[in-house]
Amino acid sequence: PGIRLSSAFVKNKTYWGLEPRISVKYSLSPESSVKLSYARMNQYLHRVSSSAVALPTDMWYPVTNDVVPQTSDQIAVGYERYVSPLKTIFTIEGYYKWMNNVIEYREGANLFLNNEFENELVQGKGKAYGMEFLAKRKGKKLSGWLAYTLSWSTRQFDELNNGEEFYARYDRRHDLSLTL
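This section reports on the structure supplied with the text.

Conventions adopted
- Residues numbered from 1 in each chain as written.
- Predicted model: local features only at pLDDT ≥ 70, side-chain atom pairs only at ≥ 80, totals over all residues.
- Heavy atoms only, no water.
- Helix = DSSP H or I, 4+ residues; strand = E, 2+ residues; numbered from the N terminus.
- Rg over C-alpha atoms; globule rule 2.2 N^0.38 Å.
- Buried < 20%, exposed > 50% of the residue type's maximum accessible area, 1.4 Å probe, protein only.
- Phe/Tyr/Trp six-rings, centres within 6.5 Å; stacked < 30°, edge-to-face > 60°.
- Lys NZ or Arg CZ within 6 Å of the ring centre and 35° of its normal.
- Salt bridge = Lys/Arg side-chain N within 4 Å of Asp/Glu carboxyl O.
- Contact = heavy atoms within 4.5 Å.

Some points on the overall build of the protein chain
Helix and strand counts for the protein chain come out as zero helices and 11 strands. If you list the helices and strands of the protein chain from N to C, you get β-β-β-β-β-β-β-β-β-β-β. What you see for the protein chain is a C-alpha radius of gyration of 20 Å, clearly larger than the 16 Å of a compact globule of 180 residues, by over 25%. The principal-axis extent of the C-alpha atoms belonging to the protein chain is close to 65 × 35 × 30 Å. Taking all 180 residues of the protein chain together, the buried fraction comes to 33%.

Okay, here's the thing in structure tokens:
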């Protein structure tokens, strides 16, 4: 278990965030275990992007008196097994993350030569969830891993897409990596 206190100081306002976390791993046998974790996080610097704008308009924007910090909670559960004849660890893990105060550009936002940039931002909710699979081997001459993630990432803003949920710009449904 752990806990952290984070903060951000802006003009006329101070934001405080309590960030508890816990991780538990239980051995079922010498070769296998299950794990469970929870974490709360606060973010005081937002990555602003738009699912509708194709231009490279992403930027980092700090919290202000009106743009509040993003918070997220994540739970994960997993199973790990070591297969000794293959000298390989296999892991499967599922996760769910829900976010509040995510930020994005308003529909029809004027981003260029705009002195009232903050008026072009909206804050809403998001979630991300999926499954991760990993096979990892450490050899004498060759080590590496094969990983695959199946995931979804969505956003919902009252002011965008008629209030309906939509896939985030960085939604990566399939991610496969091989490292040797």
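Alright, that's what it looks like, and here's the rest.
A word on the packing of aromatic side chains
Inspection of the entire model under this criterion finds six aromatic pairs. Measuring from ring centre to ring centre gives 5.5 Å for Tyr129 and Trp152, while their planes differ by 20°; the resulting arrangement is stacked. In this pair, Tyr129 sits in strand β8 (residues 121-138) while Trp152 sits in strand β9 (residues 143-156), placing the two residues 23 residues apart along the sequence. Each member of the aromatic cluster is reached from another via a ring pair, and the members are Tyr96, Trp98, Tyr129 and Trp152. The ring of Tyr170 carries Arg47 above its face, with NZ or CZ at 4.6 Å from the centroid. Here Arg173 stacks its cationic end above the ring of Tyr167, 4.8 Å away from the centre of that ring.

Description of the pattern of salt bridges
This structure, assessed with the given rule, holds eight salt bridges. Arg4 is the salt-bridge partner of Glu19, the closest N and O atoms lying 2.5 Å from each other. On the criterion of sequence distance, the pair formed by Glu19 in strand β2 (residues 13-29) and Arg4 in strand β1 (residues 2-10) is long-range, its members being 15 residues apart. With a relative accessible area of 0%, Glu19 lands in the buried category. Residue classification places Arg4 among the partly exposed positions, given a relative accessible area of 46%. Of the charged contacts, one joins Lys127 and Glu165 as a salt bridge, the two residues approaching to 3.4 Å between their closest N and O atoms. One end of the pair, Lys127, is in strand β8; the other, Glu165, is in the loop between β9 and β10 (166-167), with 38 residues separating them in the sequence. Taking the relative accessible area as the measure of exposure, Glu165 reaches 42% and is therefore partly exposed. The network of salt bridges with shared partners includes Arg4, Glu19 and Arg21.

Structural notes on the environment of Ser7
Counting through the fold element by element, Ser7 comes out in strand β1. Among the residues examined, Ser7 registers a relative accessible area of 30% and is labelled partly exposed. Taking the C-alpha atoms as reference points, Ser7 and Asp58, separated by 51 residues in sequence, lie 24 Å from one another. For Ser7, the residues in contact, after removing those within four places along its chain, are Tyr15, Trp16 and Tyr44.

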